[in-house]
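# Coordinate inspection notes
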Amino acid sequence: MAVLFDAVFSRTTVQTSAPVRRCRIINPSTAVQFSTAFNQLSIPADRTPLDTEILSSWFQYSCLTILDSVAPVKTRKPKAKTDPWFNDATRAVRRECRRAERRWKRDKLQVSLQILKDCWRLYQDTVKEAKRKYFSKIISSNSHNPRVLFKSIDSVLNAPQSGCLEASHKLSNDFMCFFIEKVATTRALISSPESDPSVLIPCSAVFNQFEPVSLSYLEDVVGHLRPSGSPNDPVPPQFFKEIFPSIGQAVLTVINSSLISGVVPANFKHAVVQPLLKKPALDHTVLANYRPISKLSFMSKILEKIVHCQLMDFLNENGILEVFQSGFKNFHSTESALLKVFNDILLTCDSGNHVVLVLLDLTAAFDTVDHNILLSRLHHLAGIRGTALKWFRSYLCDRTFSVNFLGYESSSATFQSGVPQGSILGPLLFSLYLQPLGTILRRHGISFHCYADDCQIYLPLKQKEAFSIKPLLACLEDINSWMSLNFLRCNSSKTEVILFGPSGPCEPSAIDLGPLAEYFKSVVTNLGFKMDSDFKLDSQIRATVKSSFYHLRRLAKIRPILSRPHLETVIHAFISCRLDYCNALYCGVSQHLLSRLQLVQNSAARLLTKTRKREHITPILASLHWLPVYLRVYFKILMFVFKCLNGLAPTYLSELLHPYSPPRSLRSADKLLLELPRSKRKLRGDRAFSIAAPNLWNNLPQHIREAPSLSTFKTHLKTHFYSLAYDTV
């Protein structure tokens, strides 16, 4: 009897083989041959402003011509991806293993079996040594760059994705159309209001032109830039640095011609966009799950870096930038921004009031920036005029991009709006674009803090005013109007609201939030840090502990092939950075929660030293010179204090600290003490930076407070805390 049934087979999309790869083989002699050929060329004379395009085209053509002769493009067939540590030595030993295996299968002799076993042991030892050398090289070259080190090690530890989209020219064009339509749709959903709620404050200072740079300055800029560029660069960035002594004068001519004439060459304004899956767990067949990563030419990054330095000097000298914008600025960070916000909220709650915090996020903010409005901002708010403004107009107009996905490149399209993502100037231009937002918030008396396109808005709710949020609602209405006028749009799905009270968790039923009630959450994620309404920070610590133990288990897999110094470097990159992220906010957290973080550090120390679980951990931590978690919290806070007192911190933090000035002549007047404000609540006011920081600072020995430099202060402070933690061991 026949049995009928339905069978459903899951189809996994298989990645097609990459297209035939075309590349140049660059060896040590290539640089010498290139330099010899380039030195025989003569740079075209620079006579008119139009020569900028001619100079740029000449330089690109000359480099391509010489490279084609000394390192011609060759076709490489795609090969199956092997482990990165697999080399000629391991392949040779593996061939011997296979030869011994065939011999044993042929004669079945005991001596052949023994030879096979010896070969396999040798192969395992060879692979282990190759792995050790590979990881050692990565760790040694990136020991002072934890971000790059984490990315390199993480890419090796992560298992490859099981499925991927089938690469093709059509798919690359689909990506390009999707990115264009996303921006167009976002702008189309925005309706312009009748009036502008912001207040225009014109800039009295004027920046007319960029100054030409010297060859030595250009060499310093190139030396400090990361060797990353576009796949379409005529000269690979790393090779560019090697041959710079030969091409430096030609590069200088192109750069200075652009600065003087106010013209940005067309080949500097093309970006190659490479889609990257936002998270490994996301559906790889949905184009919306990919993030566009722009690759700009290395020469354009050099030009942008020079422009950025000159423009930042002018903006800082005249105090034009928004004080409460912490994104992409020296001495600023997410931790400094959160310290300021936490301080204000804790002090307000300490005075007996409630606080409502609104977190706003913008949809495709960098991509929807209107070029005409941005140029108007540069002219009126930043004081950029003349040739400098002409340069920015040339920089923004006629920008193009193409999408390159797994070796297949789409056709080119024009950027109609937005600032270039992946560029050096993009973040600064976006900050200037958002500049009027601060005038709206100040006019309504609302406190705020921004980090790039993430905005934190908070307002005290006083009982005598019946906890009214009307000023906040009126401010949010004006913000929405201003954003619509400037082609920006809030992402309502990422908008979050949280309440803080003088004591205990604060529920929404206690305050009438009106239309904001639908966005209320008891725990919100603010700049990667989880905040709860009771300031317990248990959610943040729980997430940190979970993530840290996950990475410890992964690192245990590569411990046998790493030396102890290299393993310690990797542990700091994967574990210590998590324990230290925004740990200045842990001041006043319960010892029970801090002990959970201490367990992570203890486990990391046991992994590093191969210490058994039952052995006492304090002597191990002392031998490693690792401070306990609670002292790392104090260490971070005191580091901020020293930076505030020495002009190395944001002004909004420095203004929270005041030197102690006794009303009459006392011996304590010259001991570099800080005023200690009073507070009412131990779990609120005592945890604020403006109160906790002076308290810790005043308890330090005087010789530490008088340290002449940051490095000396760090050394003395760690020695002091080490003696407090381990002198009894």
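The structure presented is a predicted model; accordingly, all values stated were derived computationally and were not measured.

## Description of unusual backbone geometry
For Phe331, which is not glycine, the phi dihedral falls at a positive 70 degrees. Residue Leu406 is not a glycine yet carries a positive backbone phi of 55 degrees. Within the secondary structure, Leu406 sits in the loop between strand 6 (400-405) and strand 7 (408-409). Taking relative accessible area as the criterion, Leu406 reaches 34% and is therefore assigned partly exposed.

## What about a nonpolar patch on the surface?
Taken together, the side chains of Leu109, Val111 and Ile115 define a hydrophobic patch exposed on the protein surface, amounting to about 250 Å² of accessible area. Following the sequence through the fold, Val111 ends up in helix 4 (residues 110-141).

## Some thoughts on the UniProt feature "domain: Reverse transcriptase" (unreviewed entry) in the chain
Within the UniProt annotation, "domain: Reverse transcriptase" (unreviewed entry) is assigned to residues 257-531. Counting secondary structure, residues 257-531 comes out at 34% helix and 21% strand; the distance between its end C-alpha atoms is 51 Å.

## With respect to the domain arrangement of the chain
In many reports, interface size means the accessible area that the parts give up when they come together. What the domain assignment reports for the chain is domain 1 (28-74), domain 2 (88-141), domain 3 (170-328 + 368-426), domain 4 (347-362 + 430-528), domain 5 (538-626) and domain 6 (631-727). Computed from C-alpha atoms alone, the centre-to-centre distance between domain 1 and domain 4 is 55 Å.

## Thoughts on the pairing of strand 10 (residues 454-461)
With respect to burial, strand 10 is a largely interior element, six of its eight residues being buried. Here strand 5 (residues 354-361) pairs with strand 10 via eight bridges, running antiparallel. Looking across to strand 10, one finds that Leu357 is bridged to Tyr458. Note that strand 9 (residues 447-451) and strand 10 share five bridges and pair antiparallel.

## A closer look at the packing of helix 5 (residues 146-157) against helix 18 (residues 564-580)
Between two packed helices, what matters for the description is the angle formed by their axes and the separation of those axes. For the pair helix 5 and helix 18, the least separation of the axes is 9 Å and the interaxial angle reads 105 degrees. Classified by the angle between their axes, helix 5 and helix 18 sit roughly perpendicular to one another. Of the residues in helix 18, those in contact with Pro146, Leu149, Phe150, Ile153 and Asp154 of helix 5 are Thr569, Val570, Ala573, Phe574 and Arg578. Residues of the contact of helix 5 with helix 18, tallied by class, amount to seven nonpolar, one polar and two charged.

## Considerations on the sheet that holds strand 11 (residues 496-500)
The four strands lie next to each other as 9-10-5-11, forming an open sheet whose pairing is antiparallel. Strands with a single pairing partner mark the edges of an open sheet, and in this sheet they are strand 9 and strand 11. Looking at each pair of strands side by side, their axes are set apart by 15 degrees on average, direction ignored. Taken strand by strand, helix 11 (residues 334-350) contacts strand 5, strand 9, strand 10 and strand 11, and its axis lies near 10 degrees from that of strand 10. Across the sheet, helix 16 (residues 470-485) is in contact with strand 5 and strand 10; its angle to strand 10 comes to roughly 155 degrees.

## As for the layout of surface pockets
Approximately 470 Å³ is the volume attributed to the second largest pocket. Those elements that place two or more of their residues in the lining of the second largest pocket are helix 12 (371-380), helix 15 (437-443) and helix 16. Taken together, the residues of the lining of the second largest pocket sort by class into 13 nonpolar, eight polar and four charged. Looking at which domains feed residues into the lining of the second largest pocket, each of domain 3 (170-328 + 368-426) and domain 4 (347-362 + 430-528) gives three or more.

## Here we look at the nonpolar core
Phe689 and Phe713 are the most contacted members of the largest nonpolar core, which totals 101 residues. In terms of residue count, helix 21 (residues 629-645) provides more of this core than any other element does, eleven residues in total. Aside from chain neighbours lying at most four places away, what touches Phe689 is Leu339, Asn343, Ile637, Phe640, Val641, Leu653, Leu656, Leu657 and Pro694. Counting residues in each nonpolar core, the second largest holds 99 residues, with Ala31, Leu374, Phe392 and Leu476 among its members.

## Observations regarding the packing of helix 7 (residues 215-224) against helix 9 (residues 244-261)
Two numbers describe how helix 7 lies on helix 9: the axes approach to 10 Å, and their chain directions differ by 115 degrees. Considering only the axes of helix 7 and helix 9, their crossing is right-handed. Judged by residue contacts, Leu215, Leu218, Glu219 and Val222 of helix 7 engage Phe244, Gly248, Gln249, Val251 and Leu252 from helix 9. Here the residues of the contact of helix 7 with helix 9 are counted per class, giving six nonpolar, two polar and one charged.

## A look at helix 21
The terminal C-alpha atoms of helix 21 lie 25 Å apart, and with 17 residues this matches the ideal 24 Å at 1.5 Å per residue to within 8%. The element helix 21 is extensively covered by neighbouring structure, given that 13 of its 17 residues are classed as buried. Looking at the residues trailing helix 21, positive phi occurs at Gly647, about 70 degrees.

## Topic: empty space enclosed by the protein
Tallying each qualifying case throughout the model produces six cavities of 30 Å³ or more. Approximately 100 Å³ is the volume found for the largest cavity. For the lining of the largest cavity, the secondary-structure elements that each account for two or more residues are helix 11 and helix 23 (689-698). The two domains that each donate at least three residues to the lining of the largest cavity are domain 5 (538-626) and domain 6 (631-727). Roughly 70 Å³ of internal volume is contained in the second largest cavity. Forming the boundary of the second largest cavity are Glu322, Gln325, Ser431, Leu434, Gln435, Leu437, Gly438, Phe448 and Cys450. Mapped onto the lining of the second largest cavity, the elements with two or more residues apiece are helix 15 and strand 9. A class-by-class count of the residues in the lining of the second largest cavity yields four nonpolar, four polar and one charged.

## A closer look at a positive patch on the surface
On the surface, a cluster of positive charge is made up of Lys182, Lys278, Lys279, Arg291 and Lys494. As for its position among the elements, Lys278 is in the loop between strand 3 (270-277) and strand 4 (290-296).

## Section: the pattern of salt bridges
The tally for this structure, following the rule as stated, stands at 16 salt bridges. Between Lys636 and Glu335 there is a salt bridge, and its shortest N-O distance comes to 3.0 Å. Within this pair, whereas Lys636 is found in helix 21, its partner Glu335 is found in helix 11, the two being separated by 301 residues in sequence. On the accessibility criterion, Lys636 (19% relative accessible area) is buried. Taking the relative accessible area as the measure of exposure, Glu335 reaches 9% and is therefore buried. Arg632 is the salt-bridge partner of Asp580, the closest N and O atoms lying 2.7 Å from each other. Of this pair, Asp580 sits in helix 18 while Arg632 sits in helix 21, placing them 52 residues apart in sequence. Taking the relative accessible area as the measure of exposure, Asp580 reaches 22% and is therefore partly exposed.

Conventions used here
Residues numbered from 1 in each chain as written. Predicted model: local features only at pLDDT ≥ 70, side-chain atom pairs only at ≥ 80, totals over all residues. Heavy atoms only, no water. Helix = DSSP H or I, 4+ residues; strand = E, 2+ residues; numbered from the N terminus. Buried < 20%, exposed > 50% of the residue type's maximum accessible area, 1.4 Å probe, protein only. Patch = residues over 30% accessible without salt bridge, like charges linked within 9 Å, V, L, I, M, F, W, Y side chains within 5 Å. Areas by Shrake-Rupley, 256 points an atom, 1.4 Å probe, with all protein chains shown as cover. Salt bridge = Lys/Arg side-chain N within 4 Å of Asp/Glu carboxyl O. UniProt positions renumbered as here; feature names shortened; annotations may be inferred. Domains from an automatic or database assignment. Pairing = 2+ DSSP bridges. Axes fitted to C-alpha atoms, helices over the stretch in contact; angles between N-to-C directions. Parallel < 35°, antiparallel > 145°, perpendicular 65-115°, else oblique. Contact = heavy atoms within 4.5 Å. Nonpolar A, V, L, I, M, F, W, Y, C, P; charged D, E, K, R; others polar. 1 Å grid on protein atoms, 1.4 Å probe; cavity = no way out; pocket = protein on both sides within 12 Å on 5 of 7 lines; lining within 4 Å. Points joined across faces, edges and corners; volume = space filled by probe spheres on them. Core = buried A, V, L, I, M, F, W, Y, C linked by side-chain atoms within 4.5 Å. Left-handed = near helix turned anticlockwise from the far one by under 90°. Expected span 1.5 Å × (residues − 1). Lys, Arg positive; Asp, Glu negative; His and termini not counted. Charge placed at Lys NZ, Arg CZ, Asp CG, Glu CD.

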